[in-house]
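# Per-entry structural report
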Amino acid sequence: MFPEIDWMRPWYDAVRPAVEGLTDGPFIEAFNANAARLGLVNEQGQPIRFVPQAALPEGTAYEAFIGATGCVPTRENLHDFFNGLVWQTFPRIKRELNALQAAQIAQAGVGKSRGPARDAATIFDENAALLIVRDGAAGRALVDDLRAHRWREALYDRRALFGRDAELWLFGHALMEKLVAPRKAITAHVRVVVAGDDFFALDRAGRRDWIDAAVSNAIAAEGLSTAGFTPLPVLGVPGWWPDQNEAFYLDHTVFRPRRPASHTEGGHHDR
C-alpha cells in the first residue's frame, strides 16, 4: 500500500499506529473496518464511513456532506489516504473541524470567499502541526523564538528541548502528502499547545488521546483564527533531518526572518 512512503520517518509517528492497524486489501474497506472498530462518529453521532468520491452529490459541499451523513468521500490517492489516517488518529479534532466547516457553510453557503473561520479550518485540516510544549520558562522561550522566527535559537540552541519538553505532531494530510518526497522548504502551520508534566508522563497512545481531547475542546470553545498559527519548516525539527548544524538554520531561503506579512506553504484545496 503506497510503497513510496517511508513510514519510519519521524513525521509519520502520529499516524503510524493507524497504518499498522489496517487490514490488507483496498484501503477504503480497511478504513471502514478501522472506523467501525474505533467507533468514529460525526458531530450528529452518525458513524463515519469512507465512501467513493462519486457518492458526493453534484453541487453538495464536501464538508456539509460529511456533517449531514457521516460519509467521507475518498479518492484512491495519497491525499485522501492521509486524510483517512488522520480521521483514525485524531477523530475528535476532525469532528470539530468538520462541524465548524459545516456550520459555516449552512450559515453563509459556498462562495468565492471561505470566510475567516472556514479559512482557518481548511489550513488546519490540510497543513497544521501541533507543537506540544511543557509549561514553564523554557517552553515559553522556545515558543517566543519560533514566533519571532529566531530559527537558530529555537531549533539549534534549544534543540535539547525536543523529545523532552517539546514534541511536534503532524495533523495536516496535505502536509503529510508533501513529505512523502521531503524537501527543506516544506512548512507547516503550527498551533502551539501548552501541556503540564502529566502529558509528558503518558505513553505515546495516551499523549495522542490527550492531544485529541485538548485541541478539539479548544476549537469547540474558542473557534479558529489564522492568527493562531505560526510557520515552521518541518525538516528543521531537531532529529528530523541529517546534518542539522548551525549553518542549516541560517539558510534564509527557508528559515526566513520575520516580516510584517510572512507567507508559508499552505495546503488549501477544494473538493
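This section reports on the structure supplied with the text.

The rules behind the values
Residues numbered from 1 in each chain as written. Predicted model: local features only at pLDDT ≥ 70, side-chain atom pairs only at ≥ 80, totals over all residues. Heavy atoms only, no water. Helix = DSSP H or I, 4+ residues; strand = E, 2+ residues; numbered from the N terminus. Rg over C-alpha atoms; globule rule 2.2 N^0.38 Å. Buried < 20%, exposed > 50% of the residue type's maximum accessible area, 1.4 Å probe, protein only. Lys, Arg positive; Asp, Glu negative; His and termini not counted. Charge placed at Lys NZ, Arg CZ, Asp CG, Glu CD. Pairing = 2+ DSSP bridges. Contact = heavy atoms within 4.5 Å. Salt bridge = Lys/Arg side-chain N within 4 Å of Asp/Glu carboxyl O. Phe/Tyr/Trp six-rings, centres within 6.5 Å; stacked < 30°, edge-to-face > 60°. Lys NZ or Arg CZ within 6 Å of the ring centre and 35° of its normal. Axes fitted to C-alpha atoms, helices over the stretch in contact; angles between N-to-C directions. Core = buried A, V, L, I, M, F, W, Y, C linked by side-chain atoms within 4.5 Å.

## A closer look at the overall build of the protein chain
- Check the secondary structure of the protein chain and you find eleven helices and six strands.
- Taking 2.2 N^0.38 as the reference for a compact globule, 271 residues should give roughly 18 Å; the C-alpha atoms of the protein chain span a radius of gyration of 18 Å, in line with that estimate.
- Projected onto the principal axes, the alpha-carbon positions of the protein chain cover approximately 50 × 40 × 35 Å.
- Put simply, the protein chain has 271 residues, and 51% of those count as buried.
- The protein chain carries 30 positive and 34 negative side-chain charges, and their two centres are separated by 4 Å.

## Observations concerning unusual backbone geometry
- The phi angle at H149 is positive, at roughly 60°, despite the residue not being glycine.
- Relative to the elements of secondary structure, H149 occurs in the loop between α7 (137-147) and α8 (151-157).
- Under the relative-accessibility criterion, H149 is labelled buried at 8%.
- One non-glycine residue, D243, lies in the positive phi region at around 55°.
- Secondary-structure assignment places D243 in the segment after β6 (230-233).
- Using a relative accessible area of 66% as the deciding quantity, one classes D243 as exposed.

## Here's the deal with the pairing of β6
- By the alternation rule, side chains of β6 split into T230 and L232 and P231 and P233, which are all buried.
- Summarising the sheet, strand β5 (residues 187-195) and β6 pair through four bridges and their orientation is antiparallel. By the bridge assignment, H189 is partnered in β6 with P231.

## Quick word on α7
- Among the residues of α7, those classed as buried are G139, A141, L142, V143, D145 and L146.
- In the core, the buried residues of α7 are packed alongside β3 (128-134), α8, β4 (166-170), β5 and β6.
- H149 sits one or two positions beyond α7 and adopts a positive phi of about 60°.

## Focus on the pattern of salt bridges
- Applying the stated criterion across every chain yields a total of 18 salt bridges.
- The closest approach of N and O atoms between D197 and R134, which form a salt bridge, is 2.9 Å. Taken together, the residues D197 in helix α10 (residues 197-200) and R134 in strand β3 connect sequence positions 63 residues apart.
- Exposure remark for D197: the relative accessible area of 54% places this residue in the exposed category.
- As a salt-bridge pair, R140 and D135 come within 3.7 Å of each other at their nearest N and O atoms.
- Through salt bridges with shared partners, one network takes in R134, R164, D165 and D197.

## Re the packing of aromatic side chains
- One pass over the structure, following the stated rule, counts 25 aromatic pairs.
- Relative to F81, the ring of F2 lies with its centre 4.8 Å away and its plane at 50°, an arrangement referred to as tilted. Here F2 is found in the segment before α1 (16-20), whereas its partner F81 is found in helix α4 (residues 78-89), with 79 residues between them in sequence. The same class applies to F2 and to F81, which are both buried.
- For R134, the ring lying beneath its charged end belongs to F200, and the centroid distance is 4.3 Å.

## Quick notes on the sheet that holds β3
- Read from one edge to the other, the open sheet built from four strands follows the order β4-β3-β5-β6, with strand pairing classed as mixed. Two strands in the sheet have a free side with no partner beyond their single neighbour: β4 and β6. Within this sheet the neighbouring strands show an average axis-to-axis angle of 40°, counted without direction.
- The strands touched by helix α6 (residues 116-127) within the sheet are β3 and β5, with β3 carrying the most contacts at an inclination of about 80°.
- Relative to β3, α7 is tilted by about 145°, and along the sheet it contacts β3, β4, β5 and β6.

## A short note on the side chain of R191
- Take R191: it is sitting in strand β5.
- For the buried R191, no salt bridge is present, and the opposite-charge side chain at shortest range is E222, 4.1 Å distant.
- Ignoring sequence-local partners within four residues, the contact set of R191 consists of F124, A129, L130, L131, V215, A218, E222, L224, G228 and F229.

## As for the nonpolar core
- Of all hydrophobic cores here, the largest spans 84 residues; its most connected members are L85, F124, L168 and L170.
- Residues in contact with L168, not counting those within four places in the same chain, are A129, L130, L131, V190, L232, V234, V237 and W240.

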